[in-house]
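Descriptive structure summary
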Amino acid sequence: MISADVGAGHDTAAGELAHRLRDLGFTVDRLNLLDVLPWPVRWAFREAYRDMLRWIPRSYDLLFALTARSRLSVSLIRGLLRPVRRRLGRAIPPDTLAVVTTYPFANQLLGPLRRQGRLTVPVVSYVTDFALHPTWLSPGVDRYYAVRHAEVPPVDDAAGPPVTTVRPLVSPAFSGSSGIDRRQARRRFGLPERDRLALIVAGAWGAGDVETTVAEVGATGWARPVVVCGRNILLYDRLRQDWEHVFGWVDDMPTLMRAVDVVVENAGGLTCQEALSAGIPVVTYRPLPGHGRANATILARAGLTRRAPSVEQLRPALTETTGRRDRRVPASADPVDGKGLVDVEGLVADVAAAPGGADAYDPLRRRSPRDALGDAVTVVAALLQSSRGRR
């Protein structure tokens, strides 16, 4: 199972799936993709991305839009990663039955290996976002699993990418009963028992305009902010100077969510799915550029969350959630409990039990040599263009 410690969402989803597969009797090896990359590339994937979100978010918006519109740009990424393919292939144990990814750039490495026959077991990818960005898509990946309402970009192939709708990889602790009620949950975290509370989350990195969000939620007077800063120690230290209920990394998020009235988030990723699973109303505010804004649009359109596009609309968005604290999202829109959805682990188990079976999607079989030649020409052209740019 290949993920990446770029934030916590990719790793958390991989960890939940690994736990479920082990319960089914499989041995699961975990691999952080960034550990396979050379140091400069590893830095670019983690630190440059984090700094881009922190200091020049509009540049990430531009990059996200460019790779969404241009098939050539994704082919270029795939070509630039080519020197790492063999290293990743060597990191996969020889007795592997299937490879599962929860990080898009892993697909750009594994897809070509699978397509060229250098990886002989199925590759499947669980998409952690509602926006299935083109960087997730790579010829050679056998199948994609995405949650309900996830939007797939248009592709040239009439058949499109093989996408199966599944339940999110959210721990049952969020939707199950733990015997802890709201009063007990508040006592555990030292929170006031009678006030309305808004839980403000910004992922493992504490990314985005978190301080502004906390101040503006507090200024509404509707709820008292409760903030989770993840592993962002500097953010934690700054917020602790002005606000009472500030936490760093929280291991028991299911209990903390039981303690609050609404979740305010900015990425629409795993934490949002956890809140929806727990039946907690979600308001999206000041979303992160790129995938954050794309997810926010999809979630609001589906009626799963309420988006506050401005500070003037923040209080109305929060007020609208009054009375919904213990009410589930309607099953017709629920990405977790909707009828007809399947569990990822069952699908992965089927793939692992019969690798290369007749029901497996085989891009080598379905795509013609002409298509393969076209992809090769595209990658070569992208590499030549990149080479000219470096000169």
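The rules behind these values
- Residues numbered from 1 in each chain as written.
- Predicted model: local features only at pLDDT ≥ 70, side-chain atom pairs only at ≥ 80, totals over all residues.
- Heavy atoms only, no water.
- Helix = DSSP H or I, 4+ residues; strand = E, 2+ residues; numbered from the N terminus.
- Buried < 20%, exposed > 50% of the residue type's maximum accessible area, 1.4 Å probe, protein only.
- Contact = heavy atoms within 4.5 Å.
- Areas by Shrake-Rupley, 256 points an atom, 1.4 Å probe, with all protein chains shown as cover.
- Patch = residues over 30% accessible without salt bridge, like charges linked within 9 Å, V, L, I, M, F, W, Y side chains within 5 Å.
- Salt bridge = Lys/Arg side-chain N within 4 Å of Asp/Glu carboxyl O.
- Lys, Arg positive; Asp, Glu negative; His and termini not counted.
- Charge placed at Lys NZ, Arg CZ, Asp CG, Glu CD.
- Pairing = 2+ DSSP bridges.
- Right-handed = clockwise from strand over helix to strand, strands pointing away.
- Expected span 1.5 Å × (residues − 1).
- Bend = angle between axes of the 7 residues up to and from the residue.
- Axes fitted to C-alpha atoms, helices over the stretch in contact; angles between N-to-C directions.
- Phe/Tyr/Trp six-rings, centres within 6.5 Å; stacked < 30°, edge-to-face > 60°.
- Lys NZ or Arg CZ within 6 Å of the ring centre and 35° of its normal.

Our focus in this paragraph is the overall build of the protein chain. From N to C terminus, the protein chain includes 18 helices and 12 strands. Counting only residues that meet the buried cut, the protein chain has 51% of its 391 residues in that class. The contacts of the protein chain with a sequence gap of at least 6 include a subset with a gap of at least 24, amounting to 67%. For the protein chain, the exposed surface amounts to about 18,500 Å²; the carbon and sulfur share of it is 52%.

Here the focus is unusual backbone geometry. Positive phi, close to 80°, is recorded for His 149, a residue that is not glycine. When you line up the elements, His 149 lands in the loop between strand S5 (143-147) and strand S6 (163-166). Look at Arg 286: it is not a glycine, yet its phi comes out positive at around 50°. Examined against the element boundaries, Arg 286 turns out to sit in the loop between strand S11 (282-285) and helix H14 (291-301).

Right, let's talk about a positive patch on the surface for a bit. Residues Arg 82, Arg 86, Arg 87, Arg 90 and Arg 118 make up a contiguous surface patch of positive charge. Relative to the helices and strands, Arg 82 is located in the loop between helix H5 (71-80) and helix H6 (85-91).

This part covers the environment of Ala 219. Tracing the backbone shows Ala 219 in helix H10 (residues 210-220). C-alpha of Ala 219 to C-alpha of Arg 315: the two residues are 96 residues apart in sequence and 9.0 Å apart in space.

All right, on to the pairing of strand S10 (residues 262-265) then. Of the two faces of S10, the one carrying Val 262 and Val 264 and the one carrying Val 263 and Glu 265 are both buried. Of the strand pairs in this sheet, strand S7 (residues 197-201) and S10 are connected by 3 bridges, and their pairing is parallel. Pairing of Leu 199 across the sheet is with Val 263, part of S10. Relative to S11, S10 runs parallel, the two sharing 3 bridges. Residue pairing for S11: Glu 265 is matched across the bridge by Thr 284. Considered for its hand, the β-α-β crossover made up of S10, helix H13 (residues 270-278) and S11 is right-handed.

So, about the pattern of salt bridges. In the structure shown here, the tally under the stated rule is 18 salt bridges. As a salt-bridge pair, Arg 224 and Asp 195 come within 2.7 Å of each other at their nearest N and O atoms. Here the residue Arg 224 occupies a position in strand S8 (residues 224-228), and Asp 195 occupies one in the loop between helix H9 (182-188) and S7, the gap between them amounting to 29 residues. We classify Arg 224 as partly exposed; its relative accessible area is 32%. Via salt bridges that share partners, Glu 16, Arg 20 and Glu 345 belong to a single interconnected network.

Attention now goes to helix H3 (residues 39-55). The end-to-end C-alpha distance of H3, which contains 17 residues, comes to 22 Å, matching closely the 24 Å that a straight helix rising 1.5 Å per residue would cover. The largest bend along H3 measures about 30° and falls at Phe 45. Buried residues of H3: Phe 45, Arg 46, Tyr 49, Met 52 and Leu 53, and no others. Its buried side turned inward, H3 meets strand S2 (31-32), helix H2 (33-36), helix H4 (57-69), helix H7 (104-115) and H14.

With parallel pairing, the 6 strands of this open sheet are ordered in space as S9-S8-S7-S10-S11-S12. Lying at the two open borders of the sheet, with one neighbouring strand each, are strand S9 (246-247) and strand S12 (306-308). Direction of pairing for S8 relative to S9: parallel, over a ladder of 2 bridges. The residue of S9 that forms the bridge with Val 227 is Val 246. H13 rests against S7, S10 and S11 of the sheet, and its axis sits at about 155° to S11.

With that out of the way, let us pick up the packing of aromatic side chains. Under the criterion given, the structure shown has 5 aromatic pairs. Relative to Tyr 60, the ring of Tyr 49 lies with its centre 5.3 Å away and its plane at 65°, an arrangement referred to as edge-to-face. Of this pair, Tyr 49 sits in helix H3 while Tyr 60 sits in helix H4, and the two are 11 residues apart along the sequence. Using a relative accessible area of 12% as the deciding quantity, one classes Tyr 60 as buried. On the numbers, 5.9 Å between centres and 50° between planes, the contact of Tyr 103 with Phe 105 is tilted. The pair Tyr 103 / Phe 105 is uniform in exposure class, with both members buried. Linked through ring pairs, Tyr 49, Tyr 60, Phe 64 and Trp 205 together constitute an aromatic cluster. One Lys or Arg, Arg 231, reaches over the ring of Trp 249 and ends 3.8 Å from the middle of that ring.

Running from amino to carboxyl end, H3 crosses H4 at an angle of 115°, the nearest separation of the two axes being 5 Å. Here Tyr 49, Met 52, Leu 53 and Trp 55 of H3 come into contact with H4, specifically with Pro 57, Ser 59 and Tyr 60.

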